[in-house]
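Chain residues, written in single-letter form:
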Amino acid sequence: MPGTRKPSPPPEPQLAFAAQLRELRRRTLKEPTEEALARRMGCGRSTVSAILNGRRFPNWEHTASFVEACGGKAGEWKDHWLRARRQIDQLREGLPASTPVPLAHPPIECDAMLAARWYRNNREFYEAASERVRQARSEIRVTYTRRYPPTQYTTRASAEYFEAILGWAAQDSDDERCVRRIIGVPEHDGVADRDMLAWARQHHEASKHILSYEASVLRWTAAADGLNMALIDESAVFLAFSGGPRQKLNGFSVEDPTFMSYFAAYFEQLWAALQPLGTYLGTLDPGREGDGMPA
């Protein structure tokens, strides 16, 4: 609606703290539902959802109840919670750009060295990512920010990767599974790329009936591919690097909850500021649909 201001995205420390709470929840022997957490925390389910999505920073009582409901020790989180709250307050007060605000670190034991698995080419990367997608338990977050639509990358491995994600989202399951995809739509002088726009419409039609699948649009103005990632459950991070020839792509993956938390916080920050794919497509001028002009 013209003149309507979008809400500001949550501050990064708040998103990072929410990512760590979600991680703690997933690491429990039996992942509690939002309803069960709400009962134990003495609040409504909407409050739990807002905390887990990073839209609300919890008070200490809710934080302690949440940690204990997930089998953790509340005392181990007090300093972490205080640090995150202090960082949020500092950002809201407008720290000078030169003043560093360190990200909050969770009380999670991990090795100092990360073990990365490297993929030399398109096939190796997409085959490994497809296999990990099929093993997912509850959540997949992915980005696609490239200069050309997926239909112009014709390798079998890349096609199977996209099919695997939609297939996983569409499966009948008792699990609370969720897929969120950020689609970068290239723009030139305010006009969406015609090929990408055509693919986006096809993708929306193919996926809009899948209740556990959501897509949002990032309007992409750079004349280059972005860094693309796939975040699977609480620990698997796949990072892809592309450029030059259309089929050229390599990357690596890391299985580490702390490493994941930084990329998860970045994803949530982007997601909070974007339009759903269907809404974006609905804003285009029907009279100039082929030109990708906004209404």
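Read on for a plain summary of the structure. (Residues numbered from 1 in each chain as written. Predicted model: local features only at pLDDT ≥ 70, side-chain atom pairs only at ≥ 80, totals over all residues. Heavy atoms only, no water.)

1. Some points on unusual backbone geometry
Here the phi dihedral of Asp189 falls at roughly 55 degrees; this positive angle occurs in a residue that is not glycine. Relative to the assigned elements, Asp189 resides in the loop between strand 3 (178–188) and strand 4 (191–192). By relative accessible area, Asp189 is classed as exposed at 83%. Residue Asp233 is not a glycine yet carries a positive backbone phi of 55 degrees. Examined against the element boundaries, Asp233 turns out to sit in the loop between strand 6 (228–232) and strand 7 (236–242). Under the relative-accessibility criterion, Asp233 is labelled buried at 2%. (Helix = DSSP H or I, 4+ residues; strand = E, 2+ residues; numbered from the N terminus. Buried < 20%, exposed > 50% of the residue type's maximum accessible area, 1.4 Å probe, protein only.)

2. Re the pairing of strand 7
Among the 7 residues in strand 7, 5 count as buried, and that is most of the element. With 5 bridges joining them, strand 6 and strand 7 adopt antiparallel strand pairing. Paired with Asn228 across the strands is Ala240, a residue of strand 7. Joining the antiparallel neighbours strand 6 and strand 7 is a turn of 3 residues, in which Asp233 adopts a positive phi near 55 degrees. Bridging between strand 7 and strand 8 (residues 249–255) involves 7 bridges; their strand directions are antiparallel. Counted as the bridge partner of Ser242 is Leu249 from strand 8. (Pairing = 2+ DSSP bridges.)

3. Overview of the environment of Ile182
Within the secondary structure layout, Ile182 lies in strand 3. Here Ile182 falls in the buried class, since its relative accessible area comes to 0%. Once the C-alpha coordinates of Ile182 and Glu214 are considered, the two residues, 32 residues apart in sequence, prove to be 8.7 Å apart. Not counting residues up to four positions away in its chain, the partners in contact with Ile182 are Val142, Thr143, Tyr144, Ser216, Leu218, Phe267, Leu270, Trp271 and Leu274. (Contact = heavy atoms within 4.5 Å.)

4. Here we look at the pattern of salt bridges
Applying the stated criterion across every chain yields a total of 19 salt bridges. The residue Glu131 makes a salt bridge to Arg134 at a minimum N-O spacing of 3.8 Å. Of the two residues, Glu131 and Arg134 are both situated in helix 6 (residues 122–134); the distance of 3 residues between them amounts to about one turn of the helix. The exposure class assigned to Arg134 is partly exposed, which follows from its relative accessible area of 48%. Residue Arg141 is joined to Glu139 by a salt bridge in which the shortest nitrogen-to-oxygen separation is 3.6 Å. Judged by relative accessible area, Glu139 falls into the buried class, the value being 8%. (Salt bridge = Lys/Arg side-chain N within 4 Å of Asp/Glu carboxyl O.)

5. Quick notes on helix 3 (residues 45–52)
The periodicity of an α-helix, 3.6 residues per turn, causes residues three or four places apart in sequence to face the same way. The buried fraction of helix 3 is high, at 6 of 8 residues. Within helix 3, burial applies to Thr47, Val48, Ser49, Ala50, Ile51 and Leu52. Looking at the buried side of helix 3, the elements it contacts are helix 1 (12–26), helix 2 (34–41) and helix 4 (60–69). Positive phi appears at Gly54, one or two residues downstream of helix 3, with a value of about 85 degrees.

In short, geometric facts, not functional conclusions.
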